[in-house]
Amino acid sequence: MPTARYDRFSVFLHWLMAALILGQIALGVWIIGLPKDSSGLRASWFNVHKSWGMLLGLLILLRLAWALLRPRVPALPQARHLQLAARGAHGVLYALMLVMPLSGFLGSVFSGYPIRFFGMKLPKIAERWDAAKDLLSAVHQVSAMALVLLIALHVAAFFYHQYVMKEPLLQRMR
C-alpha cells in the first residue's frame, strides 16, 4: 500500500519554518545577553530578530492558508488517545507560531521605538505604552519557552514513531 505524502510545498514550508524558528530562538537568546550601550549593536540585532519574526508571522499565515486549501494527509493508524495527543500538540504548535510573532510585533509597537522590516521603517501605529509592552514581552518569552519544549516533544515523537514504531514518517515528508 503506498504511503500518503505531503505535497512538496507543505514539506518546503515545514523545513523552512523549522530552520527559521530555531534560528530565531537562538538569536533571541543571544541578543538578550548583549549589553545595552550606545554602540547600537543590540538595537541592530533586535531589528534583525524583529524582521525575521515578521517574516515568520507571514509564513505561518501562508502555511495555515495552504493547510486549509490542500487535501489532508490521513493520520497514521494509532490509538485514539495518541491521535488526540498529536492533534492537540500540533494545534498548540501552530498557536505558538502565531503568538510568537504577534506578541513580538505588538510589544515592539508599544515600545516607543521605530520598527524596521529588513531596514525599511514601518509607520508608527501606536504610542508608547509600557504596561502593554511589558505584558507582551512576557507573553513572547513564555511562548518561546513553550515552543522550545513542544519542538523537543515533536522531535522526540518523530524519533519514536520513525525508529521505534517503524512508521514511514520520512516517506510522508519527501
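Residues numbered from 1 in each chain as written. Predicted model: local features only at pLDDT ≥ 70, side-chain atom pairs only at ≥ 80, totals over all residues. Heavy atoms only, no water.

1. Notes on the overall build of the protein
Here comes step 1: Each helix and strand in the protein was counted, giving five helices and two strands.
Here comes step 2: Going from the N terminus to the C terminus, the protein shows its helices and strands as α-α-α-β-β-α-α.
Here comes step 3: Burial analysis of the protein (174 residues in total) assigns 30% to the buried set.
Here comes step 4: Of all intrachain contacts in the protein linking residues separated by at least 6 positions in sequence, the fraction that spans at least 24 positions is 69%.
Here comes step 5: If you sum the accessible surface of the protein, you get close to 11400 Å²; carbon and sulfur atoms cover 72% of it.
Here comes step 6: Between the centroid of the 18 positive side chains of the protein and the centroid of its 6 negative side chains there is a distance of 11 Å. (Helix = DSSP H or I, 4+ residues; strand = E, 2+ residues; numbered from the N terminus. Buried < 20%, exposed > 50% of the residue type's maximum accessible area, 1.4 Å probe, protein only. Contact = heavy atoms within 4.5 Å. Areas by Shrake-Rupley, 256 points an atom, 1.4 Å probe, with all protein chains shown as cover. Lys, Arg positive; Asp, Glu negative; His and termini not counted. Charge placed at Lys NZ, Arg CZ, Asp CG, Glu CD.)

2. So, helix H3 (residues 80-109)
Note on helix geometry: an α-helix contains 3.6 residues per turn, so any two residues three or four positions apart are oriented the same way.
Here comes step 1: With 30 residues, H3 should cover 44 Å at 1.5 Å per step; its first-to-last C-alpha distance of 43 Å lies within 8% of that length.
Here comes step 2: What H3 keeps buried is the set Leu93, Leu96, Met97, Met100, Pro101, Ser103, Gly107, Ser108 and Val109.
Here comes step 3: Lining the buried residues of H3 we find helix H1 (8-32), helix H2 (41-69) and helix H4 (130-164). (Expected span 1.5 Å × (residues − 1).)

3. A word on the nonpolar core
Here comes step 1: Formed by 15 residues in total, the largest nonpolar core has its most connected members in Met17, Ile21, Leu56, Leu59, Met97 and Leu147.
Here comes step 2: Going through the elements one at a time, H1, H2, H3 and H4 are the ones with two or more residues in this core.
Here comes step 3: Residues in contact with Leu59, not counting those within four places in the same chain, are Leu13, Leu16, Met17 and Leu20. (Core = buried A, V, L, I, M, F, W, Y, C linked by side-chain atoms within 4.5 Å.)

4. Notes on the pattern of salt bridges
Here comes step 1: Overall, the coordinates contain three salt bridges when judged by the stated rule.
Here comes step 2: Ionic pairing is found between Asp7 and Arg70, a salt bridge with its closest N-O pair at 3.8 Å. Here Asp7 is found in the segment before H1, whereas its partner Arg70 is found in the loop between H2 and H3, with 63 residues between them in sequence.
Here comes step 3: A residue is classified by how much of its surface remains accessible, and Arg70, at 13% relative accessible area, is buried.
Here comes step 4: With a closest N to O distance of 3.4 Å, Glu127 and Lys124 form a salt bridge. (Salt bridge = Lys/Arg side-chain N within 4 Å of Asp/Glu carboxyl O.)

5. Looking at the layout of surface pockets
Here comes step 1: Of the pockets and cavities examined, the largest pocket occupies roughly 1800 Å³.
Here comes step 2: Lining the largest pocket are 48 residues; nearest its centre among them are Tyr6, Ala86, His90, Leu93 and His154.
Here comes step 3: Where the lining of the largest pocket is concerned, the elements lending two or more residues are H1, H2, H3, H4 and helix H5 (169-172).
Here comes step 4: The biggest single contributor to the lining of the largest pocket is H3, with eleven residues.
Here comes step 5: Partitioned by chemical class, the residues of the lining of the largest pocket number 34 nonpolar, eight polar and six charged.
Here comes step 6: By volume, the second largest pocket amounts to about 1400 Å³. (1 Å grid on protein atoms, 1.4 Å probe; cavity = no way out; pocket = protein on both sides within 12 Å on 5 of 7 lines; lining within 4 Å. Points joined across faces, edges and corners; volume = space filled by probe spheres on them. Nonpolar A, V, L, I, M, F, W, Y, C, P; charged D, E, K, R; others polar.)

6. Notes on the environment of Phe9
Here comes step 1: Looking at the secondary structure, you find Phe9 in helix H1.
Here comes step 2: Linking Phe9 and Gly33, residues 24 residues apart in sequence, is a C-alpha distance of 36 Å.
Here comes step 3: Contacts of Phe9, omitting those with residues within four sequence positions, involve Leu62 and Trp66.

7. Thoughts on the packing of aromatic side chains
Here comes step 1: One pass over the structure, following the stated rule, counts eight aromatic pairs.
Here comes step 2: Ring plane angle 85° and centroid distance 5.3 Å describe the contact between Trp30 and Trp45, whose orientation is recorded as edge-to-face. Placement of the pair is Trp30 in helix H1 and Trp45 in helix H2, with a sequence separation of 15 residues.
Here comes step 3: Centre to centre, the rings of Phe110 and Trp129 are 5.3 Å apart; their planes meet at 85°, and the pair counts as edge-to-face. With Phe110 in the loop between H3 and strand E1 (116-117) and Trp129 in the loop between strand E2 (120-121) and H4, this pair connects stretches of sequence that are 19 residues apart.
Here comes step 4: What makes Phe110 buried here is its relative accessible area of 17%.
Here comes step 5: Ring pairs connect the aromatic residues Trp52, Phe117 and Phe118, which therefore count as one cluster. (Phe/Tyr/Trp six-rings, centres within 6.5 Å; stacked < 30°, edge-to-face > 60°.)

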